[in-house]
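So you can see what is in the structure, the chains are spelled out below.
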Amino acid sequence: MHIADGVLSLPVVGAAAAVAGGGILYAVKKTKAEEVPLISLLSGAFFVFALISIPIGPTTVHPLLAGLLGIILGMQAFIAVIIGLVLHVLLFQHGGLTTLGVNLILVVIPALMAGKLFYSMKRLPVFARAALAGGLAVVSCVLLLIILLLLSDPVYGEGTFSTINILAIAYMPLAAVEALLTGFAVNFLYKTRPELLQKDRMKELSENGG
Amino acid sequence: MGGNHTHCVKSHIHHTCDSWVCHWEPRTKTVAAVLFVTGVVSLHSFYLVSAVLLGVLLVSFSAGLPFKLLLTRIILAAPFLLLMAVSIALGGGFPPAAERLTFAGLVLFKALTSIIVMTVLLKTQPIDRYFNGLAHMKLPPVIVTVLFLAHRYVYLFSDQLANTQRALAARLFQPGIKKRSLAVYGEAAGGLLLKAVDRSDSVYRAMAARGFDGILRTGPPLSIRKRDYLKCGTVLLVTTVLILLDWMWFV
């Protein structure tokens with residue numbers, strides 16, 4: 001998500017920044033020195049995922065992979081995503097300076113929900129639960145954005161061709177694409193490196209690897 | 001698969017300049033930019049925001065930034081901004097109401113102002129010098145370390161993404177949203193993730209061997225001079241005046 005400066009009102013931006021700041025501080029407190037290289041590498045990898053462009057008709061979409069983030073990183077997603085967003089601002093001037101907090105919670109909250117969903121539905125096959133988590137992440141991201149837009153100004157929701165209606169329609173195909181993409185990516189990881197998809201995997205990975 | 005952005009990551013070279021903005025110390029420049037953009041976001045007057053946009057355009061030219069660079073940055077953000085502006089303007093039907101047009105213009109101009117300010121902030125010194133400045137802004141050491149390392153890995157992974165793109169093209173891969181194509185995208189993302197995890201092993205060992213304790217040591221920052229404080233103070237003064245003018249306009 002790259003919400004630009006000026007789209008949302010200052011109180012909404014301020015509240016989101018406070019929530020995001022709290023989340024980052026909590027994640028930083030929980031991070032050990034040996035986890036830093038892993039988080040950095042995953043942060044770089046997720047940044048590059050967002051550069052993949054998938055053609056849909058005359059346009060292209062860039063995967064968000066918030067579901068995958070939540071499944072792999074858990075709470076550490078706060079650090080990986082904020083760094084990814086800062087790099088987007090630094091390298092491309094995508095997003096905004098005041099909207100860093102908004103853009104962070106728009107990705108991380110759905111990511112955390114997706115991670116919870118994935119690890120709680122153990123009876124379903126890996127592909128199905130990853131796809132569900134991936135699709136849910138996009139849907140909840142759009143719902144969250146709609147709430148923030150409405151809190152900023154009701155004009156975003158007025159009329160048949162309102163911003164909110166257009167956003168909902170535009171993101172519907174992305175939710176389907178993300179669901180399948182997350183399903184295939186997690187299924188691939190499950191087949192090749194199942195230990196990546198265990199709870200407390202960050203701790204294990206840092207103990208074994210880094 | 002990677003497209004223009006991969007090229008954009010690799011071609012990220014700062015514009016060499018010798019203007020007053022280029023000599024501005026990064027920390028005070030960042031504080032001034034963030035407070036200025038926050039102030040602009042709080043404005044309600046379309047005419048005032050239009051004047052601010054014109055002002056920052058003039059500042060960007062005085063900073064020695066080429067117009068082509070600004071245009072590239074604006075074009076990158078254009079799809080999202082246009083989607084917002086058009087849906088706000090035409091959301092209530094055609095012809096659009098005057099208030100809707102004004103609101104759409106306000107959102108668009110605020111966003112454009114911010115993009116120009118960010119470009120001026122980030123393209124007027126080498127990125128390494130800017131990162132070094134950020135590292136001395138009392139940020140948590142973990143954030144600074146991850147930022148420095150992730151920035152390096154972005155180049156590494158964008159190279160890998162470009163290689164994957166070439167390999168897929170050589171195998172006549174058809175990009176699109178067919179199930180088979182999405183399986184390829186998903187497995188490519190999974191593969192990239194695996195490489196990241198595997199690499200973290202050797203990276204940490206190498207860093208630990210060099211005494212890494214969770215804090216990345218960076219070079220000393222540029223010293224803040226009187227003229228940096230003066231530039232920062234001027235921006236804050238302008239921001240305050242803008243907020244006061246806006247307040248007088250509306251109350």
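Since we're looking at a predicted model, the values are computed, not measured.

About the cut-offs
- Residues numbered from 1 in each chain as written.
- Chains lettered and ligands numbered in written order.
- Predicted model: local features only at pLDDT ≥ 70, side-chain atom pairs only at ≥ 80, totals over all residues.
- Helix = DSSP H or I, 4+ residues; strand = E, 2+ residues; numbered from the N terminus.
- Rg over C-alpha atoms; globule rule 2.2 N^0.38 Å.
- Buried ≥ 20, exposed ≤ 12 C-beta atoms within 10 Å, placed from the backbone.
- Contact = placed C-beta atoms within 7 Å.
- Nonpolar A, V, L, I, M, F, W, Y, C, P; charged D, E, K, R; others polar.
- Expected span 1.5 Å × (residues − 1).
- Arc of directions from axis to C-beta.
- Domains from an automatic or database assignment.
- Axes fitted to C-alpha atoms, helices over the stretch in contact; angles between N-to-C directions.
- Parallel < 35°, antiparallel > 145°, perpendicular 65-115°, else oblique.
- Left-handed = near helix turned anticlockwise from the far one by under 90°.
- Core = buried A, V, L, I, M, F, W, Y, C linked by C-beta atoms within 7 Å.
- pLDDT = per-residue confidence, 0-100.

### Section: the overall build of chain A
Here's step 1: When helices and strands are tallied, chain A shows eight helices and two strands.
Here's step 2: Counting helices and strands in the order they occur from the N terminus, chain A gives α-α-β-β-α-α-α-α-α-α.
Here's step 3: Relative to its length of 210 residues, chain A is compact, with a C-alpha radius of gyration of 17 Å against a globular reference of 17 Å.
Here's step 4: On the principal axes, the C-alpha backbone points of chain A span a range of 55 × 35 × 30 Å.
Here's step 5: Counting only residues that meet the buried cut, chain A has 58% of its 210 residues in that class.
Here's step 6: Partitioning the intrachain contacts of chain A with sequence separation of at least 6 by distance along the chain shows that 75% fall at a separation of at least 24.

### Details of the overall build of chain B
Here's step 1: Within chain B, the regular secondary structure consists of nine helices and zero strands.
Here's step 2: The secondary structure elements of chain B, listed N-terminal to C-terminal, are α-α-α-α-α-α-α-α-α.
Here's step 3: Seen along its three principal axes, the alpha-carbon backbone of chain B occupies a region of about 60 × 55 × 30 Å.
Here's step 4: The buried share among the 251 residues of chain B stands at 39%.
Here's step 5: Summarising the internal contacts of chain B: among those between residues at least 6 apart in sequence, 84% fall at separations of at least 24.

### Focus on the interface of chain A and chain B
One frequent convention defines the size of an interface as the accessible area lost when the parts assemble.
Here's step 1: Residue-level contacts link 66 residues of chain A with 78 residues of chain B.
Here's step 2: Contributing elements (two or more residues each) for the side of chain A that touches chain B: helix 1 (10–30), helix 2 (36–49), strand 1 (54–56), helix 4 (77–92) and helix 7 (163–192) of chain A.
Here's step 3: Per element, the largest residue contribution to the side of chain A that touches chain B is 13 residues, and it comes from helix 2 of chain A.
Here's step 4: For the side of chain A that touches chain B, the per-class residue count stands at 44 nonpolar, 18 polar and four charged.

### Quick notes on helix 3 (residues 46–62) of chain B
Residues and elements named next belong to chain B.
Here's step 1: For helix 3, which comprises 17 residues, the first-to-last C-alpha distance of 24 Å matches the rise-based estimate of 24 Å (1.5 Å per residue) to within 8%.
Here's step 2: For helix 3, the complete set of buried residues consists of V49, V52, V56 and S60. Along the long axis of helix 3, the arc covered by the buried residues comes to 75°, so they all point the same way. Exposed and facing more than 90 degrees away from the buried side of helix 3 are Y47, L54, L58 and S62.
Here's step 3: For helix 3, the secondary structure elements touched by its buried residues are helix 2 (26–41), helix 4 (67–90), helix 5 (98–122) and helix 9 (226–250).
Here's step 4: Taken from the residues just after helix 3, G64 is the one with a positive phi, measuring 85°.

### A word on the domain arrangement of chain B
Here's step 1: When the domains of chain B are assigned, the result is domain 1 (8–126 + 221–250) and domain 2 (137–209).
Here's step 2: Computed from C-alpha atoms alone, the centre-to-centre distance between domain 1 of chain B and domain 2 of chain B is 32 Å.

### Some words on the environment of R217 of chain B
Here's step 1: Relative to the helices and strands, R217 of chain B resides in the loop between helix 8 (179–209) and helix 9.
Here's step 2: Considered as a pair, R217 of chain B and R100 of chain B are 117 residues apart in the sequence and their alpha carbons are 51 Å apart.

### Topic: the packing of helix 3 (residues 66–73) of chain A against helix 5 (residues 100–120) of chain A
Residues and elements named next belong to chain A.
Here's step 1: Where helix 3 meets helix 5, the closest approach of the two axes is 7 Å, and the angle between their N-to-C directions is 60°. By the criterion of interaxial angle, the relationship of helix 3 to helix 5 is oblique. In this structure, the crossing between helix 3 and helix 5 has a hand that is right-handed. Judged by residue contacts, A66, G67, L69, G70 and I71 of helix 3 engage V107, P110, A111, L112, A114, G115 and F118 from helix 5.
Here's step 2: Class assignment for the residues of the contact of helix 3 with helix 5 results in nine nonpolar, three polar and no charged.

### Let's talk about the packing of helix 7 of chain A against helix 8 of chain B
Here's step 1: Contact geometry of helix 7 of chain A with helix 8 of chain B gives a least axis separation of 7 Å together with a crossing angle of 50°. Considering their axes alone, helix 7 of chain A and helix 8 of chain B lie oblique with respect to each other. Relative to helix 8 of chain B, helix 7 of chain A is oriented so that their crossing is right-handed. Along the contact surface, helix 7 of chain A presents V177, L180, L181, G183, F184, A185, F188, L189 and T192 of chain A, while helix 8 of chain B presents K179, L182, A183, Y185, G186, E187, A189, G190, L193 and L194 of chain B.
Here's step 2: Residues of the contact of helix 7 of chain A with helix 8 of chain B, tallied by class, amount to 13 nonpolar, four polar and two charged.

### Considerations on the nonpolar core
Here's step 1: Among the nonpolar cores identified, the biggest contains 142 residues, and L69 and I79 of chain A are the most heavily contacted of them.
Here's step 2: For this core, the domains that each give at least three residues are domain 1 (8–126 + 221–250) and domain 2 (137–209) of chain B.
Here's step 3: Apart from the residues within four sequence positions on either side, I79 of chain A is in contact with I24, A27, V28, T31 and I39 of chain A together with V142, I143 and V146 of chain B.

### Some thoughts on helix 2 of chain B
Here's step 1: The terminal C-alpha atoms of helix 2 of chain B, which comprises 16 residues, lie 22 Å apart, in line with the 22 Å expected from a rise of 1.5 Å per residue.
Here's step 2: For helix 2 of chain B, every residue scored as buried is listed here: P26, R27, T28, K29, A32, A33, F36, V37, G39, V40 and V41 of chain B.
Here's step 3: On its buried face, helix 2 of chain B is in contact with helix 1 of chain A together with helix 3, helix 5, helix 6 (127–135) and helix 9 of chain B.

### Some remarks on unusual backbone geometry
Most of the time, phi is negative for any residue but glycine, and the peptide bond is trans.
Residue and element names in this part refer to chain B.
Here's step 1: Unlike most non-glycine residues, K138 shows phi in positive territory, near 60°.
Here's step 2: The topology assignment puts K138 in the loop between helix 6 and helix 7 (141–170).
Here's step 3: Of note, L172 is a non-glycine position whose phi angle comes to about 55°, a positive value.
Here's step 4: Its location among the elements puts L172 in the loop between helix 7 and helix 8.

### A short note on the environment of I169 of chain A
Here's step 1: Of note, I169 of chain A is situated in helix 7.
Here's step 2: The spatial distance from the C-alpha of I169 of chain A to the C-alpha of L151 of chain A is 20 Å, given a sequence separation of 18 residues.

### Quick look at the confidence of the model for chain B
Here's step 1: The predicted model of chain B has a mean per-residue pLDDT of 85, with 93% of residues at 70 or higher.
Here's step 2: If you check the scores for this complex, the pTM reads 0.86 and the ipTM reads 0.84.

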